[in-house]
Amino acid sequence: MFPLWFLVFIFLSAAILLANYHLWILAFFVAGGLLVAGFFSEKYSREAIIGAAALIIGVLYFNLLTTPAPERLPVINNTEINGIVKDYPRHDGQKADFTLQTDSNSRYAHRIKVYCNFPVKVRKGDRVWLKGSLKPPSRAGNPGEFDYRQYLEQNGIYYILSVKDEKDIQIREPAENLQALVNSYRSHSQKQIKEVLSASDAAIMLGMLLGIIEGIDSSEYSDYQKTGIVHIFSVSGLHVGFLLVLCAWIGSLLGLSRKARMLASITLLLLYASLTGWPVPVIRSVIMGGLGLTAYYSGRENQLINTLGLAGIVILLINPCALLQISFQLSFAAAWGLVYLFPLLKRRINYNHRWGDLLLVPICAQLAVLPLTACHFNLFSPLALLANIPVTYLSGGAVILGFLTLLGGGIMPFISSWLLYPAGLCIDLIRAVNQLVVSIPGAYLRVATPGLALTVLYYAGLILLIYGFCHVREERRASAWMGWGTGLMAVFILILCLPGSVYNRGQVELSFIDVGQGDCILIKTPRGKFILVDGGGSEFTDPGSRKVLPYLYHRGVRELFLALNTHPDTDHLQGLETVLKEMPVRYVAVPADLAESEEYQGLSRVMADKKVPFIPLAAGDSIDTGENLQIKVLHPPPNFGSDSANDQSLVLRIDFSGFSALLTGDIGMEPMRKLVERRQLRPVTVLKVPHHGSKNSLLMPFYEETRPEWAVISVGENNLFGHPHDSILAALKGKKVGILRTDRDGAVIFRTDGKRVRLTTGPGGLNLLSPVYK
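Residues numbered from 1 in each chain as written. Predicted model: local features only at pLDDT ≥ 70, side-chain atom pairs only at ≥ 80, totals over all residues. Heavy atoms only, no water.

*Asks:* Describe the overall build of the chain, with residues and values.
*Replies:* Helix and strand counts for the chain stand at 25 helices and 24 strands. What you see for the chain is a C-alpha radius of gyration of 29 Å, in line with the 28 Å of a compact globule of 774 residues. Based on the C-alpha atoms only, the size of the chain along its principal axes is roughly 95 × 70 × 55 Å. Of all 774 residues assigned to the chain, the portion counted as buried reaches 52%. Pairs at least 24 apart in sequence give 69% of the contacts found in the chain among residues at least 6 apart. When the accessible area of the chain is evaluated, it comes to approximately 36,100 Å², of which 59% is carbon and sulfur surface. (Helix = DSSP H or I, 4+ residues; strand = E, 2+ residues; numbered from the N terminus. Rg over C-alpha atoms; globule rule 2.2 N^0.38 Å. Buried < 20%, exposed > 50% of the residue type's maximum accessible area, 1.4 Å probe, protein only. Contact = heavy atoms within 4.5 Å. Areas by Shrake-Rupley, 256 points an atom, 1.4 Å probe, with all protein chains shown as cover.)

This is the structure we're talking about:
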C-alpha cells in the first residue's frame, strides 16, 4: 500500500505542473484513465481514485488561486502607498529591499517589491508610508537567465517600487506584540555575532543560522555553489535537525518529562522559523519536525515519507506556484533522498558501522538533487561528496553553537558570546575545506542546461535502479532492472558532461545577448570555438554576472577562444571583465589605437597574470580560428586618430559560406562614411545596427551597400537616450529589413549551416537538443 499523503502530494504536484503549462485536457484525460483503472483493479482502486481526485482538484485549485499578469502592466508614476512590511528587509550595506502588503484594492498592486538605494530602518511588521513609481519588473531576455519577474509573479507580486530619497519612506506604526519581540531578538543576535566574529566569518554564520546571505562575498559564495555545499546557507531540514538534537540534549539535562520536551522543542522550532522568516524549506522542515516529535513522544510510528507528503500539500495549498521555485524543488528532492532512499539503501546494504551513515547520507541527498543542480545552476560537482561529508558536520557544529548563542544571548550574553569563537573555528575549517576541494582539477564542471526529457530520464533510471536493488529478490530480474536504471543514469551523466562545443557541429551560431543598454555577442564557430564580442555594462548593475555568464553556462561554454572588446565604454567593457574573471580564455583582443588607454590597464594586468596574450587589432587584420570561417576587421585603420572612442570601435565582418554578418560596435557617421568610400561594404545577412540605433547611425548609403536581411538593435528597455531613434526604424522598415531588438525580443540567436538560417529569440530561443531548422 502506497503512503497516502505522499501519493496525494505527487498527484497534486503533477496537476500543478500540467495546469501551469496549460495542459488541462491531459490532466483530465489522465484522471479519467485512473478512474477506469481503479474500477477494474481491486488492488489499486484506492490509489487510482485518490490520484484522479488530486489531479482534478489540483488543476482547479491552481487556476483559482493564480492570476496571470497582463503582458504589459501600466507604469504608475509618483504614487503614495501605505502598507505593512511582510518580510525581513535585506541589506547589503548600501541598499535594501523588502515586500510590502499594500492597502490597495488592485489585484496587481496588493503586494509589491520595494527597493531603496540606501539603508532603511524598517522592520518586518511595520506599517509604512512611501512614495515612488510603480512599474512591472523586466522579464528575462536570455536562455539561462533567472526570470525575476516570473519568480515575483509566482509569489503574487506584479510591481516593483524604487524609493529614491530617504524622506520618501516613513514608519507610521512600528511592529507590535510578538513580531516586535522577534525583530528585537533577531537584531540583537545579528549585532552580537558581528561584534564577536570577523566580518567574513559573521557573514557565513548569519548565512548558516538565519539565511542572511547578503554579506557573503560573491566569489566565495560562487565557490560554495561549485562544490555543492551551498545548501548550508538555505535554512532547512539540516538546521532544524541540529536544533532538535540540541533540544533533546538540553531536555535530558534538565530532566524534563516527555510531554515537556515535545512542547519545548516545538516552541523553539516555531521561534526559529519566525527568526528566519518562514521560507519554504523551513515550513517543510517545521511540519516534518513537529509531526516527527509528536509521533516520537507519543509512541506512534513516524512515517517520514508521509510527513514529507503532508508538508508538501500544506505548502502547495498556501501557494501552488511554490512547486515551480528552486528552493521548493531542491528542498523536497533532498528530503526525499534522506527519508526514502537512505533508509531503503541502509536496510538493503545492512552495514553495522555508524561510519557508513557518514557516506550514505550525503550520497542519497546528492543522488536526489543532481539533475536539479544541473538545471538551475549549470553545475555538476563530482567531488561534492568529498566536500559535503566534513562540511555538513562542521556546519552542524557551527549551527549548534549559534543556536546556543541565540538561546543564551538575552540571559548570559558574555558566556554565549564565547561560544561563537569555536563556531568561528568551524567556519574557518569549512572555508579551508571548500577552497581545497574547489582547487582540485575536475572538482566541478560547468554543464549545459539539461532539458526536461533528460531530467526525466535520470529520475526514471534512479527509480529503476532502486526498485531492482531493494525490491526484486530474484537475482537475474534484479540485475536486469538495475542494469536499465544504471544505463539511463549513465546516459544522463554522459550527455551532461559533454562540453558545449559538441552541440551543433558544422554550424555557426551568432547570439546577440540581451544585456540592456549595451552590446554583447557570442559567436560559435563550426568546430565549437567560442568568441565573445563585448559584455555589456552599466553604472548601476553588472550584466556580466546577471545575464552574460548565465547564458554562457546555459550554453555549456567552459572556455572562450577569444574575448574581444570593440571599444572601452562601460556598456561594452564592464561585463566582459566580469566574464574573464570567471571563465578561461585563450586570447583577448582590443582596438590597436586604444590598447594603451587607461580603461584597459586593469584588464591588461589580469590577463598578464593569467598569461593570456593581449592582441591589438586594426583594419586589415583577420581572426584565424583554423576553420572555414572568415572574420575580418574592417575598421579602424591604424592610427585612425579620432577623439571619439565610439568612432574607434572595431568593425567585424563574418563570412561562412552563404551567411554573413557585420558587427559595428558604436561607430558614428564618419566611420560609416569612410567604410562606404573605401568600398569595404558588401551585402550581409545580419547587420548589428551601430550605436544602439542612435540618430547618428543613420547614413543611407551605408544601408544601401550592406542591404541586410535582418538588422539587430542591441538596446535597453526604456533607455534614457531614446534609442533606437524613430528615423533609423523608419529607414530600415522602408528598406523592408527585418528589425530585431533585444529590449523587445530578448536574445536574438541565428544558427546556420551556411545555406539556411534559423532565427530564435527570447529566453526560450536555444534548445541544444532540438533540430536545427524548422
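*Asks:* Could you give me a rundown of the sheet that holds strand β14 (residues 585-591), with the residues and numbers involved?
*Replies:* Pairing within the open sheet is mixed, and its eight strands lie in the order β15-β14-β13-β12-β11-β10-β23-β24. Bordering the open sheet on either side are β15 (614-617) and β24 (757-761), each of which pairs with just one other strand. On average, each strand axis in the sheet is inclined to that of its neighbour by 15°, with strand direction left out of account. Bridge analysis of strand β13 (residues 560-564) against β14 gives four bridges, and the strand direction is parallel. Each bridged residue has a counterpart across the sheet, and for L562 the counterpart in β14 is Y587. (Pairing = 2+ DSSP bridges. Axes fitted to C-alpha atoms, helices over the stretch in contact; angles between N-to-C directions.)

*Asks:* Describe helix α19 (residues 543-555), and please don't skip the residues or the numbers.
*Replies:* Taking 1.5 Å per residue as the helical rise, α19 with its 13 residues ought to reach 18 Å, and the 17 Å between its terminal C-alpha atoms agrees with that figure. L549 marks the point of greatest bend in α19, at about 30°, and the proline P550 comes within the next four residues. Taking burial as the measure, the 13 residues of α19 include eleven buried ones, the bulk of the element. Within α19 the residues assigned to the buried category are P543, G544, K547, V548, L549, P550, Y551, L552, Y553, H554 and R555. Tucked into the core, α19 has its buried residues touching β9 (445-446), β10 (508-512), β11 (521-524), β12 (530-533), α20 (570-582) and β23 (748-752). Of the residues flanking the end of α19, it is G556, one or two places downstream, whose phi is positive at about 85°. (Expected span 1.5 Å × (residues − 1). Bend = angle between axes of the 7 residues up to and from the residue.)

*Asks:* Quick rundown of the packing of helix α13 (residues 355-377) against helix α17 (residues 452-470)? Include the residues and the values.
*Replies:* Two quantities define a packed helix pair, namely the angle between the axes and the distance from one axis to the other. Relative to each other, α13 and α17 sit at 175°, their axes nearing to 10 Å. Comparing their axes, α17 and α13 come out roughly antiparallel. Residues L367, A368, V369, L370, P371, L372 and C375 of α13 form the contact with α17, whose own contacting residues are T455, Y458, Y459 and L462. Residue composition of the contact of α13 with α17, grouped by class: ten nonpolar, one polar and no charged. (Parallel < 35°, antiparallel > 145°, perpendicular 65-115°, else oblique. Nonpolar A, V, L, I, M, F, W, Y, C, P; charged D, E, K, R; others polar.)

*Asks:* Run through the sheet that holds strand β19 (residues 659-663), naming residues and quoting values.
*Replies:* Spatially, β16-β17-β18-β19-β20-β21-β22 is the arrangement adopted by the seven strands of the open sheet, whose pairing is mixed. Both edges of this open sheet fall to β16 (622-623) and β22 (738-741), since each of them pairs with a single strand only. Packing of helix α24 (residues 726-734) onto the sheet brings it into contact with β21 (710-713) and β22, and relative to β22 it is tilted by some 145°.

*Asks:* Describe a nonpolar patch on the surface, listing the residues and the values that go with them.
*Replies:* A cluster of nonpolar side chains, contributed by L17, Y21, L23, L26, F29 and V30, occupies part of the molecular surface with about 590 Å² of accessible area. Broken down by element, the nonpolar patch gets its largest block of residues, three residues, from helix α2 (residues 24-40). Residue placement: F29 occurs in helix α2. (Patch = residues over 30% accessible without salt bridge, like charges linked within 9 Å, V, L, I, M, F, W, Y side chains within 5 Å. Salt bridge = Lys/Arg side-chain N within 4 Å of Asp/Glu carboxyl O.)

*Asks:* Give me the lowdown on the state of the cysteines, citing residues and values where you can.
*Replies:* Scanning all chains against the criterion turns up zero disulfides. In this structure C247 is not part of a disulfide, and its nearest cysteine sulfur, from C426, lies 19 Å away. (Disulfide = S-S within 2.5 Å.)

*Asks:* Give me the nonpolar core: which residues, what numbers.
*Replies:* L308, F328 and W336 are the most contacted members of the largest nonpolar core, which has 61 residues in total. Looking at which element gives the most residues to this core, the answer is helix α12 (residues 326-349), with twelve residues. Beyond its immediate chain neighbours, meaning those up to four positions away, F328 contacts F9, V280, I315, L316, A322 and L323. Of all hydrophobic cores here, the second largest spans 51 residues; its members include F233, L243, V282 and I430. (Core = buried A, V, L, I, M, F, W, Y, C linked by side-chain atoms within 4.5 Å.)

*Asks:* If you had to explain the pattern of salt bridges to someone new, which residues and values would you point to?
*Replies:* Per the counting criterion, the structure on display carries 27 salt bridges. Among the ionic pairs, E559 bridges to R586, the shortest N-O distance being 3.3 Å. With a gap of 27 residues between them, E559 in the loop between α19 and β13 and R586 in strand β14 connect regions that are remote in the sequence. Given the relative accessible area of 39%, R586 is considered partly exposed. Residue R653 is joined to D655 by a salt bridge in which the shortest nitrogen-to-oxygen separation is 2.8 Å. On the basis of relative accessible area, R653 is assigned to the buried category, the value being 6%.

*Asks:* Please set out the environment of L729 residue by residue, giving values where relevant.
*Replies:* You can see L729 is positioned in helix α24. Contact partners of L729, with chain neighbours within four places excluded, come to I713, P724, I739 and R741.

*Asks:* Explain the environment of M672 to me, using residue names and the numbers behind them.
*Replies:* With respect to the secondary-structure elements, M672 resides in helix α22 (residues 669-677). Sequence-wise, M672 and L246 are 426 residues apart; in three dimensions their C-alpha atoms are separated by 72 Å. Setting aside anything within four residues of it in sequence, one finds M672 in contact with I667, P690, N696, S697, L699, F702 and Y703.

*Asks:* Give a detailed account of the packing of α12 against α17, specifying residues and quantitative values.
*Replies:* Close contact between α12 and α17 brings their axes to 10 Å; oriented N to C, the two are set at 30°. As far as their axial angle goes, α17 and α12 are roughly parallel. The crossing of α12 and α17 is left-handed. Along the contact surface, α12 presents W336, L341, L344, L345, R348 and I349, while α17 presents L462, I466, F469 and C470. Grouping the constituent residues of the contact of α12 with α17 by class yields nine nonpolar, no polar and one charged. (Left-handed = near helix turned anticlockwise from the far one by under 90°.)

*Asks:* Tell me what's going on with helix α16 (residues 420-438), and back it up with residues and numbers.
*Replies:* Its 19 residues give α16 an end-to-end C-alpha distance of 27 Å, which sits within 8% of 27 Å, the value for a rise of 1.5 Å per residue. Buried within α16 are the following residues: L420, A423, G424, C426, I427, I430, R431, V433, N434, V437 and V438.

*Asks:* Explain unusual backbone geometry to me, using residue names and the numbers behind them.
*Replies:* For the bond from H635 to P636, the omega torsion is 0°, close enough to zero to count as cis. Tracing the backbone shows P636 in the loop between β17 (630-635) and β18 (651-656). Here H723 and P724 are connected by a cis peptide whose omega angle stands at -5°. Residue position: P724 is located in the loop between β21 and α24.

*Asks:* Break down the pairing of strand β3 (residues 96-102) for me, with residues and values.
*Replies:* Of all seven residues in β3, six are buried; the element is thus mostly enclosed. With three bridges joining them, strand β1 (residues 76-85) and β3 adopt antiparallel strand pairing. Within β3, the residue paired with I84 across the bridge is Q101. Here strand β2 (residues 90-91) folds back onto β3, and the loop between the two strands holds four residues, one of which, G93, carries a positive phi near 100°. Here β3 pairs with strand β4 (residues 111-116) via six bridges, running antiparallel. By the bridge assignment, A96 is partnered in β4 with C116.

*Asks:* Tell me about the packing of aromatic side chains, and please be specific about residues and values.
*Replies:* A complete count under the given rule lists 22 aromatic pairs for this structure. With centroids separated by 5.3 Å and ring planes inclined at 50°, the aromatic side chains of W710 and F750 adopt a geometry described as tilted. Of the two residues, W710 sits in strand β21 while F750 sits in strand β23, which places them 40 residues apart along the sequence. The partly exposed category is assigned to W710, whose relative accessible area is 22%. Taking the relative accessible area as the measure of exposure, F750 reaches 1% and is therefore buried. Chaining the aromatic ring pairs together yields one cluster made of F6, F9, F328 and F332. In this structure, R284 is placed above the aromatic ring of F332, and the distance from its NZ or CZ to the ring centre is 5.9 Å. The cationic tip of R348 hangs over the ring face of F469; the distance from NZ or CZ to the ring centre is 5.0 Å. (Phe/Tyr/Trp six-rings, centres within 6.5 Å; stacked < 30°, edge-to-face > 60°. Lys NZ or Arg CZ within 6 Å of the ring centre and 35° of its normal.)

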